Amino acid sequence: MTVRSYIQAILQAQDLALGRDDKVLLFGEDIGKNGGVFRASDGLQAKYGKERVFDTPLAESGIGGLAIGLASQGYRPIMEIQFSGFQLEALDSLAGQMARNRFRFASTRYMPIVVRSPYGGGTKTPEMHADNLEGFLSQAPGIRVVMPANPADAKGLLLSSIESNDPVMFLENLHLYRSLKGEVPDEYYTTPLDKAAIAKEGSDVSIITYGGMVPVALRAAEDLKKEGIDAEVVDLRTVSPLDIETIGDSVTKTGRVVVAQEAQRMAGVSASVMAEISERFILSLKAPIGRVAAPDSVYPFGQAENDWMANSDDIVAKVKEIVNYD
């Protein structure tokens, strides 16, 4: 075990994958000699060469098309979209092409592509750099959406994503890149896709969340504990498809639920979780489902970011409302 930051875990995972399989390729804007804008590929071009780790033009649609072509020829591409808002430039490649190919070819051909992209607020980025677009992507059948919340999962889930024969949208929380550290096994290992984790056991209420909101929910759980409320925190890890079994087990145990996301309130992952709980586990509920999310507005400029984003106090307030419901 070594204590690593979130970004160091991602770098190590790519290093191990490149070293293990010469069909793995890594490409994107400035990821070669510069090692990426966040240094997620630092030193990998020097180690594996320009034919396996290379820069692309500033054209996300072209990056997506390149990944599709390479995957069709037996490669396992890791394509980086430099910032989350630019995923929209590659949306046809993501949702219209790579997500559909397994269906088109009756599972005789695959698209083993990983699309890495940072998302999320907390660092005062310019416009279109922090957007939360997982809701868009979760509606595209055929593509997984994976959002790790800690360094150990960032490594294990990325290696699982690279091994997967289906395309994976691997979304990395920008704020966590260097603000969060944890123990990470040094060896090659995988963490199961499509499987949620219990980040904290609890008995009074389930806080269901993912990605950058997991540490926020854990802080809220600590504050709630001081007031006698034992909150369970469920980390979805994969937001499409959802792990209904783990969600159901937690809901059945606690009977009260708050769903939290950094993205805007309208639609999205939290709405899907709430709908699934309402359809499948409504008889286990002792109160309405609470939701904590950002306002339904365009992501704000940096100076308004702290007021716009949901925080641990918002989760605490919503949990109290649900726990005290009668």
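Residues numbered from 1 in each chain as written. Predicted model: local features only at pLDDT ≥ 70, side-chain atom pairs only at ≥ 80, totals over all residues. Heavy atoms only, no water.

Would you mind going over the overall build of the chain in detail, with residue names and values included?
Tallying secondary structure elements over the chain gives 13 helices and 14 strands in all. Against the compact-globule benchmark of 20 Å for 326 residues, the chain has a radius of gyration of 19 Å, which places it among compact chains. Dimensions along the principal axes, computed over C-alpha positions, put the chain at roughly 65 × 40 × 40 Å. In the chain, which comprises 326 residues, the proportion classed as buried is 57%. Here the chain displays about 13900 Å² of accessible surface, and carbon together with sulfur accounts for 51% of that area. Here the chain carries 33 positive and 44 negative side-chain charges, and the mean point of each set is 4 Å from the other. (Helix = DSSP H or I, 4+ residues; strand = E, 2+ residues; numbered from the N terminus. Rg over C-alpha atoms; globule rule 2.2 N^0.38 Å. Buried < 20%, exposed > 50% of the residue type's maximum accessible area, 1.4 Å probe, protein only. Areas by Shrake-Rupley, 256 points an atom, 1.4 Å probe, with all protein chains shown as cover. Lys, Arg positive; Asp, Glu negative; His and termini not counted. Charge placed at Lys NZ, Arg CZ, Asp CG, Glu CD.)

Break down the packing of helix 3 (residues 60–72) against helix 4 (residues 91–98) for me, citing the residues and quoting the values.
At their nearest, the axes of helix 3 and helix 4 sit 8 Å apart, and the two run at 30 degrees to each other. Of the residues in helix 4, those touching helix 3 at Ser-61, Gly-64, Gly-65 and Ile-68 are Ser-93, Gln-97 and Met-98. Residues of the contact of helix 3 with helix 4, tallied by class, amount to two nonpolar, five polar and no charged. (Axes fitted to C-alpha atoms, helices over the stretch in contact; angles between N-to-C directions. Contact = heavy atoms within 4.5 Å. Nonpolar A, V, L, I, M, F, W, Y, C, P; charged D, E, K, R; others polar.)

Account for the packing of aromatic side chains, naming residues and giving values.
Enumeration over the complete set of coordinates arrives at six aromatic pairs. Here the aromatic cluster, defined as three or more aromatic residues joined through ring pairs, consists of Tyr-6, Phe-38, Phe-83, Phe-86 and Tyr-177. The side chain of Lys-23 reaches across the aromatic face of Tyr-75, ending 4.6 Å from its centre. Over the ring of Phe-105 we find Arg-109; its NZ or CZ atom is 4.4 Å from the centre of that ring. (Phe/Tyr/Trp six-rings, centres within 6.5 Å; stacked < 30°, edge-to-face > 60°. Lys NZ or Arg CZ within 6 Å of the ring centre and 35° of its normal.)

I'd love a proper account of the sheet that holds strand 11 (residues 231–235), names of residues and values included.
Pairing is mixed in the open sheet, where five strands are placed in the order 9-11-10-13-14. A strand with exactly one partner marks an edge of an open sheet, and here the two such strands are strand 9 (197–200) and strand 14 (290–294). Neighbour-to-neighbour, the strand axes of this sheet turn through a mean angle of 25 degrees, independent of strand direction. The pairing of strand 10 (residues 205–209) with strand 13 (residues 257–264) spans three bridges and is classified as parallel. The residue of strand 13 that forms the bridge with Ile-207 is Val-258. Helix-sheet contacts for helix 10 (residues 244–254) involve strand 9, strand 10, strand 11 and strand 13, and the interaxial angle to strand 10 is about 155 degrees. (Pairing = 2+ DSSP bridges.)

Before we move on, could you go through the sheet that holds strand 3 (residues 53–55) and cite the residues and values that matter?
Taken together, the seven strands give an open sheet; going across it, the order is 3-2-4-5-7-6-12, and neighbouring strands pair in mixed fashion. One side of each edge strand has no neighbouring strand; the edge strands of this open sheet are strand 3 and strand 12 (238–240). Each strand axis lies, on average, 25 degrees off the axis of its neighbour in the sheet, ignoring direction. Two elements, strand 6 (residues 144–146) and strand 12, share two bridges in a ladder whose sense is antiparallel. Its bridge partner being in strand 12, Val-146 is matched across the sheet by Thr-238. Sitting on the sheet, helix 3 touches strand 2 (24–28), strand 3 and strand 4 (76–80), and the angle it makes with strand 4 is about 170 degrees. Sheet contacts for helix 7 (residues 151–163): strand 2, strand 4, strand 5 (114–119), strand 6 and strand 7 (168–173); angle to strand 7, the most-contacted strand, approximately 160 degrees.

Help me get a handle on unusual backbone geometry, residues and values and all.
Leave glycine aside and you will find that most residues have negative phi; peptide bonds, for their part, are mostly trans. Along the chain, Ser-240 connects to Pro-241 via a cis peptide bond; the corresponding omega equals 0 degrees. Following the sequence through the fold, Pro-241 ends up in the loop between strand 12 and helix 10. Phi is positive for Asp-30, which is not a glycine, with a value near 65 degrees. Looking at the secondary structure, you find Asp-30 in the loop between strand 2 and helix 2 (44–48). Even without a glycine there, the phi angle at Ala-267 is positive, about 55 degrees.

Just give me the short version of the pairing of strand 4, but keep the residues and values in it.
Most of strand 4 is tucked away, with five of its five residues classed as buried. In this sheet, strand 4 lies alongside strand 2 in parallel orientation, the contact comprising five bridges. By the bridge assignment, Val-24 is partnered in strand 4 with Arg-76.

Could you give me a rundown of the nonpolar core, with the residues and numbers involved?
In terms of nonpolar packing, the biggest core is built from 76 residues, with Met-79, Ile-113, Ile-208, Leu-236, Val-273 and Ile-277 touching the most fellow members. Grouped together as the second largest cluster of nonpolar side chains are 20 residues, Leu-224, Ile-229, Val-258 and Val-316 included. (Core = buried A, V, L, I, M, F, W, Y, C linked by side-chain atoms within 4.5 Å.)

Summarise helix 10; cite the residues concerned and give the values.
Inspection of helix 10 places Ile-244, Thr-246, Ile-247, Gly-248, Ser-250, Val-251 and Thr-254 among the buried residues, and these make up the whole buried set. The inward-facing, buried residues of helix 10 contact strand 9, strand 10, strand 11, strand 13 and helix 11 (268–280). One or two steps after helix 10, the chain reaches Gly-255, where phi turns positive at roughly 80 degrees.

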